[in-house]
Amino acid sequence: MLNLLQALAGDSPRQEGSQASPRLTKRTSVRSGMSGSDHGDGRDVHDKRPEPTCEGNLKILQKLDCGHEDVLCLKYSHDGMVVAAGLVHGAIKVFQVVDGSALYHLTDQEVRDAHLPCTSLAFLHSDHGHKYEYLLMATYANGVIKFWHPSSGSCLHTIHENRQTLAASFSPHGDAFVTGGASAQLHMYDADTKKMVRTFEPSPDKTVMDGHVLRVFSVLYHPNAVDYPGIFLSGGWDDTIQFWDSRVKHSIRKIFGPHICGEGLDIDPEHNHVLTGSWRKDSSLQVWDFTSTQKIKDIPPDFNSCLVYCCQWLGRSCITAGGSDHNMARIVDRGTLQTTGRLVDLPGGVYCTDNSRHGNVPRVAIGASNMVYIVEKTGS
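Along each chain, residue indices are assigned from 1 in the same order as the chain's sequence is written. Only residues with pLDDT of at least 70 are given local features in this predicted model, and only at 80 or more are side-chain atom pairs given and counted; all residues enter the totals for whole chains, interfaces and linings. Heavy atoms throughout the structure, all of them, feed into the side-chain values; hydrogens and water do not.

1. Overview of the overall build of the protein
Our working rule: Helix and strand assignments come from DSSP, with helices taken as H or I runs of at least 4 residues and strands as E runs of at least 2, each series counted from the N terminus. We call a residue buried when its accessible area falls under 20% of the maximum for its residue type, exposed when it is over 50%, and partly exposed in between, using a 1.4 Å probe and counting protein chains only. With residues, only the protein chains shown are counted as cover, and all accessible areas are computed by Shrake-Rupley using a 1.4 Å probe.
Regarding its fold elements, the protein presents two helices and 29 strands. Looking at the protein as a whole, 59% of its 380 residues qualify as buried. Carbon and sulfur atoms form 49% of the exposed surface of the protein, whose accessible area is close to 15,300 Å².

So, in structure tokens, the structure goes:
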């Protein structure tokens, strides 16, 4: 299969405490002796591979089969009861987490005709005056944004953007959302009317970089709407994280360095730290101070280094990250910076992860090839 970036738009402009559990074992790169994807998918239909397994303090709870389509994006519902998977040809599958049963299959004629990837997912806030149990927003590589009512399979509203739409994020109160994609612009919409209310972009002055110059793969509102109302971040191929204020057309500050090629951006509101995951060999996982934009630390690579597509804070004490080259996902202890658990021997790159954000040890959904693996951290 083509790499995520190739499937969407062509090659990227850049190529590139406690001890870890003794059960973690070094593996040879899945690319060794293979041809194929430039970004290290390394899959071959004639290849016989071992079953994906957990090492260290992880265990697999459920394996969710998405059929013949690869998983490109994942999202838990706000109550943590269901998880939605966006697939490479546009369909969305919604699963019940407790038993892994498939609940809904979301598609329509427009999605089937386009035959293009679903690029991001977001559940709408249930307390925002909606009469439905779940509402789901999905973006697509043909510039379509759809609002689904999963239990009826109905698309309630469709927006068309004149670009590939690759990322979206709701504000903490659910009253607005921002999209990013193949252009340098970010668009803000009113969540009720679905009308575009503002566009954010760099200024014409070429001597400053107050916005993006290449495509955007990740957009994220700051979760603390009291202290940071209307503030959101974005990242992409131009090696910057841009900070935006919804009242200002151009970005207000930036971080130089991270090369974002997926959902490689997260904010910890308690410590006000920004986590970035870069698709590159070196400095692929980093932590930054939100206020000063200064780098706090580089998280050491695992002994099987991974080109990172996606990363998240996991509860108060851990980090999740996944990617390609060595197709794997790992859990990192935030205090020791050691890898404590891994999901390895995956059949393809990890383009997406999401955690349930419930309990002291949130469950993690990991997408690889046509499967979603629900895993849980064990032990203390």
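2. Examining the sheet that holds strand S10 (residues 154-160)
We apply this condition: DSSP calls a pair of strands paired once it identifies at least 2 bridges connecting them. Only the stretch in contact is used when fitting a helix axis, every axis being a line fitted to C-alpha atoms; angles between N-to-C directions are given from 0 to 180 degrees.
Strand order in the open sheet formed by four strands is S7-S8-S9-S10, with antiparallel pairing between adjacent strands. Since the sheet does not close on itself, it has two edges, and those belong to strand S7 (118-123) and S10, each with one partner. Across the sheet, the mean angle from the axis of one strand to that of its neighbour is 20°, orientation sign disregarded.

3. Looking at the packing of aromatic side chains
Our working rule: Geometry of aromatic contacts follows a simple scheme: Phe, Tyr and Trp rings, the Trp one being its six-membered ring, pair when their centres are within 6.5 Å, and the pair is stacked under 30 degrees between planes, edge-to-face over 60, tilted otherwise. Any Lys NZ or Arg CZ that is within 6 Å of a ring centre and within 35 degrees of that ring's normal is treated as a charge sitting over the ring.
Under the counting rule described, the total for this entry stands at 13 aromatic pairs. Taking 5.6 Å as the distance between ring centres and 45° as the angle between the ring planes, the aromatic pair formed by Phe217 and Trp237 counts as tilted. Taken together, the residues span a long stretch of sequence, with Phe217 in strand S15 (residues 216-221) and Trp237 in the loop between strand S16 (231-236) and strand S17 (240-245) at a distance of 20 residues. Taking relative accessible area as the criterion, Phe217 reaches 5% and is therefore assigned buried. A residue is classified by how much of its surface remains accessible, and Trp237, at 8% relative accessible area, is buried. Ring geometry for Tyr228 and Phe290: centres 5.1 Å apart, planes at 70°, overall edge-to-face. Placement of the pair is Tyr228 in the loop between S15 and S16 and Phe290 in the loop between strand S21 (285-289) and strand S22 (295-298), with a sequence separation of 62 residues. Judged by its relative accessible area of 22%, Tyr228 is partly exposed. Within the aromatic cluster, the residues linked to one another by ring pairs are Phe147, Phe170, Phe177 and Tyr189. For the cation-ring pair, Lys194 lies above Phe147, with the distance from its terminal atom to the ring centre recorded as 4.8 Å. In this structure, Arg253 is placed above the aromatic ring of Phe290, and the distance from its NZ or CZ to the ring centre is 5.2 Å.

4. Overview of the environment of Pro150
Quick reminder of the rule: Here a residue-residue contact requires only that any non-hydrogen atoms of the pair lie within 4.5 Å.
Relative to the helices and strands, Pro150 resides in the loop between strand S9 (144-149) and S10. Through-space distance from the C-alpha of Pro150 to that of Leu106 is 6.8 Å; in sequence the pair is 44 residues apart. In this view, Pro150 contacts Tyr104, Leu106, Tyr134, Leu135 and Leu136; residues no more than four positions away in its chain are not counted.

5. Overview of the confidence of the model for the protein
Residues shown with low pLDDT carry predicted positions that ought not to be read at fine detail. The line we're drawing: The pLDDT value expresses, per residue, how confident the predictor is, ranging between 0 and 100.
Here the protein averages 88 in pLDDT, while 85% of its residues score no lower than 70. Every residue in residues 28-43 scores below 50 in pLDDT, and together they form 48 contacts with partners more than four places removed in sequence or on other chains.

6. Digging into the pattern of salt bridges
Formally: Throughout this description, the term salt bridge denotes a Lys or Arg side-chain nitrogen within 4 Å of a carboxyl oxygen of Asp or Glu.
For the structure on display, the rule yields 15 salt bridges. Across the pair Glu51 and Lys63 runs a salt bridge, and its minimum N-O distance is 3.9 Å. You can see Glu51 sitting in the loop between helix H1 (4-9) and strand S1 (53-56) and its partner Lys63 sitting in strand S2 (residues 58-65), a full 12 residues away along the chain. Taking relative accessible area as the criterion, Glu51 reaches 56% and is therefore assigned exposed. Classification of Lys63 as partly exposed rests on a relative accessible area of 42%. Sharing partners across several salt bridges, the network here consists of Glu55, Asp302 and Arg342.

7. Some thoughts on the side chain of Lys377
Just so we agree on the cut-off: Here Asp and Glu are counted as negative and Lys and Arg as positive; His is not counted, and neither are the chain ends.
Relative to the helices and strands, Lys377 resides in strand S29 (residues 371-377). In this structure Lys377 is buried but unpaired, with Asp333 as the nearest side chain of opposite charge at 6.1 Å. When residues no more than four places from it in sequence are discounted, the contact partners of Lys377 are Asn57, Leu58, Cys318, Ile331 and Val361.

8. Brief notes about the nonpolar core
Defined as follows: Within this scheme, the nonpolar core is defined by two criteria: the residues are buried Ala, Val, Leu, Ile, Met, Phe, Trp, Tyr or Cys, and they are joined through side-chain atoms within 4.5 Å.
With 37 residues, the main nonpolar core has Leu233, Ile241, Val274, Phe290, Ile366, Tyr373 and Val375 as its most contacted residues. Here this core gets four residues from one element, more than from any other, and that element is strand S23 (residues 307-314). Ignoring anything within four residues of it in the chain, the contact list for Leu233 reads Ser218, Val219, Leu220, Ile241, Gln242, Phe243, Trp244, Leu265, Ile267, Val274 and Phe290. Listed in part, the 16 residues of the second largest apolar core include Val82, Val111, Phe123 and Ala138.

9. Side note on the sheet that holds strand S20 (residues 273-277)
Read from one edge to the other, the open sheet built from four strands follows the order S19-S20-S21-S22, with strand pairing classed as antiparallel. Sheet topology places strand S19 (265-268) and S22 at the edges, where each strand pairs with a single neighbour. The mean inter-strand angle of the sheet, taken between neighbouring strand axes irrespective of direction, is 20°.

10. Quick look at the state of the cysteines
The test is simple: Pairs of cysteine sulfur atoms within 2.5 Å are what we label disulfides.
In the structure shown here, the tally under the stated rule is zero disulfides. Counting only cysteine sulfurs, Cys310 is the nearest neighbor of Cys306, a cysteine outside any disulfide, at a range of 8.2 Å.

11. Concerning the environment of Tyr76
Residue position: Tyr76 is located in strand S3 (residues 71-76). Sequence separation between Tyr76 and Ala122 is 46 residues, and the spatial gap between their C-alpha atoms is 8.3 Å. Contacts of Tyr76, omitting those with residues within four sequence positions, involve Val82, Val83, Val97, Phe123, Asp354, Asn355, Ser356, Arg363, Val364, Ala365 and Ile374.

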